Amino acid sequence: MQQKIDEIKNNFFEEIKNIKELASLEEFRIKYLSKNGLVTKLFDEFRELSKEEKPKFGQVINKVKNEVQDAFNELKTILEADNKSFENYIDLTLPGREKVVGTKHILTQTLDEMKSIFIQLGFSVHEGPELESDYNNFEALNFPDDHPARDMQDTFFVNDKFLLRTHTSPVQVRLMNEQKPPIRAIMPGKVYRNEAVSMKSYCLFHQVEGLYVDEGVTFAELKGTIVAFLKQFFGNDIKYRFRPSFFPFTEPSAEVDIWWVPEGKEGRWMEIMGCGMVDPNVLENCGIDSEKYTGYAFGMGVERTAMRKYGIDDIRHFFDNDKRFLTQF
Ligand code: PHE
């Protein structure tokens, strides 16, 4: 009996050395440790032994069984861990997954381009809050009390003193209150209007305001700056016109239209900005001597300008966040 036990044990430890993978480990387990395995069978033989022999071999067989089981378990853990190792775990022949790379929103791209053109022209960039006081949005900008733009139709009032700014012009007021001339800055940002949403208008849009205040600033300079911008932004053959207009905070005032031929439609003039010479009242409201200084200001709609440049026919596309639209740019 002892000899048989030794033989099985020795064979077991001899054979286990050659096992390198889980599949052969399983065969090995069946051979030694399954119900009919060699080690298990020792217990059947043990039952046949005489009363005197039983206590002695009981211990021996149990000891061997434990040693063998421990060695098996240890190898199993090693092989399983191995199996999860890099080469076994990752199939290097599988095709790769395509990475989706995000892009800047077309409005951000447009704003970036506008900023870089004006920076080249000597403007700095300033921002102001979207929640504004009635004073900065209207009163300081020379809006008479009964001006229709103050009507609830156009303005999202928060209370009777504060509102969501309806244009970026209040940043002019802030800037002129903070700095003394010469001031040459653009002021990009979001503006809000309580208007019916349509192809052409949305309750939220972006403007880029420009302001230049110094001694002897003229309308000719305003025109030169705007034309330089239009040519650089749209290309040299852009067709534009300046049309007399009215704004409470500029005098004289103009609007700038550019020629647009929407796909499959007839060409038409499209208004993209307002501009003019800063009204002396506004300069005085901001503590700037209007006898000494003059200034020009302009404000343009970013969505409209982008629509013309990229042939986008509906302003709502900018805000829908439809990837099919966004990934085109
Ligand atoms: N703030 C005006 C608007 O929103 C645009 C403008 C700005 C006009 C500066 C003249 C000068 O319509």
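Parameters at a glance
- Residues numbered from 1 in each chain as written.
- Predicted model: local features only at pLDDT ≥ 70, side-chain atom pairs only at ≥ 80, totals over all residues.
- Heavy atoms only, no water.
- Buried < 20%, exposed > 50% of the residue type's maximum accessible area, 1.4 Å probe, protein only.
- Helix = DSSP H or I, 4+ residues; strand = E, 2+ residues; numbered from the N terminus.
- Pairing = 2+ DSSP bridges.
- Near = heavy atom within 4 Å.
- Polar contact = N/O pair within 3.5 Å; in protein donor to acceptor, adjacent residues only side chain to side chain.
- Areas by Shrake-Rupley, 256 points an atom, 1.4 Å probe, with all protein chains shown as cover.
- Nonpolar A, V, L, I, M, F, W, Y, C, P; charged D, E, K, R; others polar.
- Domains from an automatic or database assignment.
- Salt bridge = Lys/Arg side-chain N within 4 Å of Asp/Glu carboxyl O.

S.K.: Sorry if this is basic, but what is going on with helix α11 (residues 302–310) here?
M.R.: Every α-helical turn comprises 3.6 residues, leaving residues that sit three or four positions apart pointing alike. By the burial criterion, the buried members of α11 are V302, E303, T305, A306 and M307. Looking one or two residues beyond α11, the residue adopting positive phi is G311, at roughly 65°.

S.K.: Can you walk me through the sheet that holds strand β8 (residues 268–278) in this structure?
M.R.: The strands making up a sheet associate through backbone hydrogen bonding, with each pair oriented either parallel or antiparallel. The strand order β1-β4-β5-β9-β8-β7-β6 describes an open sheet built from seven strands, whose pairing is mixed. Of all strands in the sheet, those with a lone pairing partner are β1 (124–125) and β6 (240–247), marking the two edges. Note that strand β4 (residues 183–192) and strand β5 (residues 204–214) share ten bridges and pair antiparallel. Within β5, the position partnered with I186 by the bridge is G210.

S.K.: What is the right way to read the site of the ligand from this model?
M.R.: If you check the shell around the ligand, you find 13 residues, and the closest are H167, S169, R193, Q207 and E209. Separating a nitrogen atom of the ligand from a side-chain N or O atom of H167 is a distance of 3.0 Å. In the model, a nitrogen atom of the ligand is placed 2.9 Å from a nitrogen or oxygen of the S169 side chain. Computed on the free molecule, the ligand has an accessible area of 330 Å², of which 91% lies beneath the protein chains in the complex. Looking at the shell around the ligand element by element, the count peaks at three residues for strand β9 (residues 294–301). Tallied by class, residues from the shell around the ligand come to five nonpolar, six polar and two charged.

S.K.: Help me understand unusual backbone geometry, please; the structure alone is not making it clear to me.
M.R.: In most cases, non-glycine residues show a negative phi, while peptide bonds are predominantly trans. Look at the link from P181 to P182: it is a cis peptide, with omega at 5°. Within the secondary structure, P182 is located in the loop between α8 (169–178) and β4. Looking along the chain, the bond that leaves E251 and enters P252 is cis, with omega of -5°. With respect to the helices, strands and loops of the structure, P252 is situated in strand β7 (residues 250–260).

S.K.: Help me understand the domain arrangement of the protein in this model?
M.R.: Interface size is commonly expressed as the accessible surface area that is lost when the partners come together. Its domain assignment divides the protein into domain 1 (2–83) and domain 2 (106–326). Look at where the C-alpha atoms of domain 1 and domain 2 centre, and you get two points 87 Å apart.

S.K.: I would appreciate a short explanation of the pattern of salt bridges in the present structure.
M.R.: A side chain of one charge can pair with a side chain of the opposite charge if their charged atoms are brought near each other. For the structure shown, the criterion picks out 16 salt bridges. One salt bridge in this structure joins E15 and K31, with 2.8 Å as the shortest N-O distance. Taken together, the residues span a long stretch of sequence, with E15 in helix α1 (residues 2–16) and K31 in helix α2 (residues 22–33) at a distance of 16 residues. Overall, E15 belongs to the partly exposed group, its relative accessible area being 27%. Beyond isolated ion pairs, a larger network of salt bridges with shared partners links R241, R243, E255 and D257.

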